[in-house]
Amino acid sequence: MAHTKGRVTLPSEANFLEETRTMMERWGADALRDSDGTKLPEEIKALDATIYTTYFVARGHNEFAREHKEECQQLYLMSRRVTAVGETVEIPFMEGYFDQQVVPDYIHDQKRWWEVIDRTSGEIVAPKSWEVNQKQHVVIVKNALPFHEYTVSFLVYAIWDPTQMYNHITNNWGDKPHEIPFDVRHPASGQFAKEYLIRWLKDNPRTDVVRFTTFFYHFTLVFNDCSKEKFVDWFGYGATVSVKALEEFEQEYGYRLRPEDIVDNGYYNSTFRVPTKQYRDYMDFIQRFVARKAGELVKLVHEAGREAMMFLGDNWIGTEPYGKYFPEIGLDAVVGSVGGGATLRLISDIPGVKYTEGRFLPYFFPDTFHEGNDPCVEAKENWLGARRALMRKPVDRIGYGGYLSLAYRFPAFVDYIEQVTDEFREIIDNMNGSRPYCGLKVAVLNCWGQLRAWQAFMVAHALWYKQTYSYFGVLEALSGMGVDVMFLSFDDIREKGIPGDVDVIINAGAAGTAFSGGKEWLDERIVTALRRFVWEGGGFVGIGEPSAVLFGGRFFQLADVLGVDEELGFSLSTDKYFITEQEKHFLKEDRKETFDFGEGMKNVYALSEDTEIVEYSDGEVHLSAHPYGKGRGIYLAGLPYSYENTRLLMRCLYYSAKKEGEMKRWFADNPLCEVHAYPLTGKYAIINNSQEPQNTLVYDGEGRACRMDLEGCKIVWKEM
């Protein structure tokens, strides 16, 4: 049985009363929830627990949706590119899309709301030069230019919610109805959403917490004609589009959005794109609307004496918890899925709510809980990855989702989660709400800043991608590191300058992306502000292609700070003599493994003998340092997440700020271990992040060291 109780939420389901009671005792749970596909019967709601009930605002009401088909949610999609080989070209625009998810909008005037583009010239094709064959879902372009590529950007109606669709397919729900999403911007839908919630609150008196999953607009998730994911952007605003929204935007902002402003060459304004003014305006427009409408629903929940919780996922678009309108919603809590340290901090750092909750993995679904598989493997990896971040800023509660009956069949898993829940409560009790010791303040600089705090480099929620893991490792490392972390945008620097308490700025990402900055580095205000910051004693850590945009004979616009630049082939005639790797350097002290830069970066070279080359191979620099005034610039070719690379990043931060002498305070010399100190409570913790026993030197706040042995996964708490 659990040694302690509380702060844990379990899923349950029908015909599982006694087992639920047992699991509550084993895991010390004090709250129960339903899941997508399950309902809590009255006998389970009568248990001594807070009851969460999942509530879908804009899906799951098919009778209403069918009666108001013109108010279904919409998206702009782009057809595949078709090359004209004559003066007429046919574009089968629905080809490659799943007709059970989306259908073309033939209600509104296609000539006004659709757009055909010559992708070779970039010109818009005049509406008089094309027609729509609605029976065959084809656009016919006349007077085409041979061997030019053409696309059509077209409006569709969404007729199946993509999350329910995913769960439907994953769990083989057979003939269960497809849930149709509707748009509360329309009058009938907006009124229905409020009236239905009022009735629902009366009909569900045993619900203590209304778990909005989420509000109105799903992140962009479009499936292909094989019912597989075709396009997914966890931050995408694609499903917020409607003719009504576009008309209201034009009335408010004084200009009309083109379909291309949404479709964006087929990139759909993914979070990796440097956002345009039009897209920023549109995001702000949607966020204000969502905050106002969601606030109306939350007010109804409060008037009924219940709490309102938002799930950070599914229909979360417009509710950005770090956005300026989020406080207007008035939520009591936010719950989200925890994939690791960065996603834990994404949830736990949310301001302005009474409590936060993390849904840990694995989800209790048959794709994990099946004969022959050990769910403990994923559970341990998930817990150890997130635990580092918990030690810095914990969520207030943890929980799980899915079918509890599946987890119940795996005794070893039940035993392990019993340990996890007890350990979680121990962490909370020992921290007692106090702020941990932070040796430095670090700012992550990109186009999004605080709006996307802890969310950089994500495509789908916390999933691995070849082009991003070398950068996402930065956030994962920072999430559990003994530093204070903030997020800066280029606009922040333009408008307010660099905060005076920042020690180090990190700029990481591929050239041209929102995370490196692209054209933002052409603004002399940005470049000079960063140079001044380092010159006067700050640190700058550039990873991948930092400050990268070709201008003035430089690719890295802060090449003078970093001491390196990237060869693009234009300066091959200029000899590059500086290739000597330093045998000893602060950045590679205690390094036991070879450096891992992930995908790395090709053709980076040192500019002068002042550049301290720490790792040089294949004729290029992968790790270096460079003095610049009173500060330093550090270059890294990439930083995939690992404990070794977490230690490397820590060394880079302290060295860049010229505070390397201060690093060994509340510090473990073994990279697999970390120390977290809480001065206000007078306690500190030494944690073993690995599953194997470890030995480490532990340094206290004065730099005094003692040696310790730690069991695998162990946390040892001590008094200061």
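See the structure shown above.
Residues numbered from 1 in each chain as written. Predicted model: local features only at pLDDT ≥ 70, side-chain atom pairs only at ≥ 80, totals over all residues. Heavy atoms only, no water.

Engineer: An account of the pattern of salt bridges is needed here, citing residue identities and associated values.
Structural biologist: By the definition in use, this model includes 48 salt bridges. Notably, a salt bridge pairs D161 with R59, separated by 3.4 Å at the nearest N-O pair. Taken as a pair, D161 in the loop between strand 12 (149-158) and helix 5 (162-170) and R59 in the loop between strand 3 (50-55) and helix 3 (62-67) lie far apart in primary sequence, 102 residues in all. Taking relative accessible area as the criterion, D161 reaches 1% and is therefore assigned buried. Members of the salt-bridge network, linked through shared partners, are D491, R494, E520, D523 and R525. (Salt bridge = Lys/Arg side-chain N within 4 Å of Asp/Glu carboxyl O. Helix = DSSP H or I, 4+ residues; strand = E, 2+ residues; numbered from the N terminus. Buried < 20%, exposed > 50% of the residue type's maximum accessible area, 1.4 Å probe, protein only.)

Engineer: Can you lay out a nonpolar patch on the surface for me, pointing to particular residues and giving the numbers?
Structural biologist: On the surface, L550, L568 and F570 cluster together into a nonpolar patch covering about 330 Å² of accessible area. The topology assignment puts L568 in the loop between strand 26 (564-566) and strand 27 (604-606). (Patch = residues over 30% accessible without salt bridge, like charges linked within 9 Å, V, L, I, M, F, W, Y side chains within 5 Å. Areas by Shrake-Rupley, 256 points an atom, 1.4 Å probe, with all protein chains shown as cover.)

Engineer: Describe the state of the cysteines, naming the residues involved and giving the relevant values.
Structural biologist: Enumeration according to the criterion identifies 0 disulfides in this entry. Cysteine C438 remains unbridged, with the sulfur of C652 as its closest cysteine sulfur at 19 Å. For C438, a relative accessible area of 22% gives the class partly exposed. (Disulfide = S-S within 2.5 Å.)

Engineer: Outline the packing of aromatic side chains, supporting the account with residue identities and numerical values.
Structural biologist: For the coordinates displayed, the defined rule picks out 52 aromatic pairs. Taken together, a centroid distance of 6.1 Å and an interplanar angle of 75° make the contact between Y97 and F154 edge-to-face. Taken as a pair, Y97 in the loop between strand 6 (88-91) and strand 7 (102-104) and F154 in strand 12 lie far apart in primary sequence, 57 residues in all. For the pair formed by Y97 and F154, the shared burial category is buried. When the centroid spacing of 5.0 Å and the interplanar angle of 85° are considered together, the rings of F369 and F413 count as edge-to-face. One end of the pair, F369, is in the loop between strand 18 (355-359) and helix 11 (375-390); the other, F413, is in helix 13 (residues 411-431), with 44 residues separating them in the sequence. What links up through ring pairs into an aromatic cluster is the set W27, F364, F369, Y400, F410 and F413. The ring of F56 carries R59 above its face, with NZ or CZ at 3.8 Å from the centroid. (Phe/Tyr/Trp six-rings, centres within 6.5 Å; stacked < 30°, edge-to-face > 60°. Lys NZ or Arg CZ within 6 Å of the ring centre and 35° of its normal.)

Engineer: So what about helix 7 (residues 243-253)? Which residues, and what values?
Structural biologist: Along an α-helix, a turn takes 3.6 residues, which lines up residues three or four apart on a common side. Considered for burial, the residues of helix 7 that qualify are V243, A245, L246 and F249. Viewed along the axis of helix 7, the buried residues span an arc of 160°, placing them on a single side of the element. Among the structural elements, strand 4 (74-78), helix 4 (110-113), strand 12 and helix 9 (277-303) are those in contact with the buried residues of helix 7. Directly after helix 7, the chain includes G254, whose backbone phi takes a positive value near 80°. (Arc of directions from axis to C-beta. Contact = heavy atoms within 4.5 Å.)

Engineer: Describe the side chain of R33, listing the residues and the values that go with them.
Structural biologist: With respect to the helices, strands and loops of the structure, R33 is situated in strand 2 (residues 31-33). No salt bridge is formed by the buried R33; the nearest opposite charge belongs to D34, separated by 5.3 Å. A polar atom in the side chain of R33 sits 3.4 Å from the side chain of S35. For R33, the contacting residues outside a window of four places in its chain are T9, L10, P11, S12, L40, Y52, R211, R359, Y363, Y400 and G401. (Lys, Arg positive; Asp, Glu negative; His and termini not counted. Polar contact = N/O pair within 3.5 Å; in protein donor to acceptor, adjacent residues only side chain to side chain.)

Engineer: Break down the sheet that holds strand 34 (residues 694-699) for me, citing the residues and quoting the values.
Structural biologist: One key point about sheets: their strands pair by backbone hydrogen bonds, in either a parallel or an antiparallel sense. In spatial order, the strands read 31-34-35; together these 3 strands make up an open sheet with antiparallel pairing. Both outer strands of the open sheet, strand 31 (667-668) and strand 35 (705-710), are each paired with one neighbouring strand and no more. In the sheet, strand 34 pairs with strand 35 via 6 bridges, with the strands oriented antiparallel. Counterpart to L697 in the pairing with strand 35 is R707. (Pairing = 2+ DSSP bridges.)

Engineer: Go over the packing of helix 14 (residues 469-479) against helix 18 (residues 643-656) with me, naming the residues and quoting the values.
Structural biologist: Running from N to C, helix 14 and helix 18 cross one another at 85°; their axes reach a closest spacing of 9 Å. Classified by the interaxial angle, the pair formed by helix 14 and helix 18 is roughly perpendicular. Between helix 14 and helix 18, the contacting residues are V474, A477 and L478 on the first element and T646, L649 and L653 on the second. (Axes fitted to C-alpha atoms, helices over the stretch in contact; angles between N-to-C directions. Parallel < 35°, antiparallel > 145°, perpendicular 65-115°, else oblique.)

Engineer: Could you give an account of the side chain of R632, with specific residues and numbers?
Structural biologist: By the element assignment, R632 lies in strand 30 (residues 631-636). Within the structure, the side chain of R632 is placed 2.8 Å from the backbone oxygen of Y655, a separation counted as a polar contact. Setting aside residues up to four positions removed in sequence, R632 forms contacts with V534, G538, G539, F540, H626, P627, Y655, S656, K658 and E660.

Engineer: An account of empty space enclosed by the protein is needed here, citing residue identities and associated values.
Structural biologist: Inspection of the entire model under this criterion finds 9 cavities of 30 Å³ or more. Taken together, 21 residues line the largest cavity, and the ones lying closest to its centre are G482, M650, W666, F667 and V675. At the level of secondary structure, the elements contributing two or more residues to the lining of the largest cavity comprise helix 18, strand 31 and strand 32 (673-678). Of the voids in this model, the second largest cavity is the one considered here, and its volume is about 80 Å³. Every residue lining the second largest cavity is listed: Q73, L75, Q101, A158, W160, P162, P181, H218, F219, T220, L221 and A239. Within the lining of the second largest cavity, the residues separate by chemical class into 8 nonpolar, 4 polar and no charged. (1 Å grid on protein atoms, 1.4 Å probe; cavity = no way out; pocket = protein on both sides within 12 Å on 5 of 7 lines; lining within 4 Å. Points joined across faces, edges and corners; volume = space filled by probe spheres on them. Nonpolar A, V, L, I, M, F, W, Y, C, P; charged D, E, K, R; others polar.)

Engineer: Explain unusual backbone geometry residue by residue, including any values.
Structural biologist: For the bond running from T213 to T214, omega is -20°, close enough to zero to count as cis. With respect to the helices, strands and loops of the structure, T214 is situated in the loop between strand 13 (209-212) and strand 14 (220-223). The phi torsion at H137 lies on the positive side, around 55°, for a residue other than glycine. With respect to the helices and strands, H137 occurs in the loop between strand 10 (130-133) and strand 11 (138-142).

Engineer: Account for the sheet that holds strand 10, naming residues and giving values.
Structural biologist: Ordered by their spatial adjacency, 3 strands build an open sheet running 6-11-10, and the pairing between neighbours is antiparallel. Lying at the two open borders of the sheet, with one neighbouring strand each, are strand 6 and strand 10. Here the average twist between neighbouring strands, direction ignored, is 20°. Pairing of strand 10 with strand 11, which is carried by 4 bridges, proceeds in the antiparallel orientation. Following the sheet pairing, N133 is matched in strand 11 by V138.

Engineer: Tell me about the pairing of strand 12, and please be specific about residues and values.
Structural biologist: Counted residue by residue, strand 12 has 9 buried out of 10 residues, so it is predominantly covered. Bridging between strand 5 (residues 82-83) and strand 12 involves 2 bridges; their strand directions are antiparallel. Across the sheet, V82 pairs through a bridge with Y150, a residue of strand 12. Note that strand 7 and strand 12 share 3 bridges and pair antiparallel. Following the sheet pairing, V103 is matched in strand 12 by Y157.

These results come straight from atomic positions and should not be treated as a statement about function.
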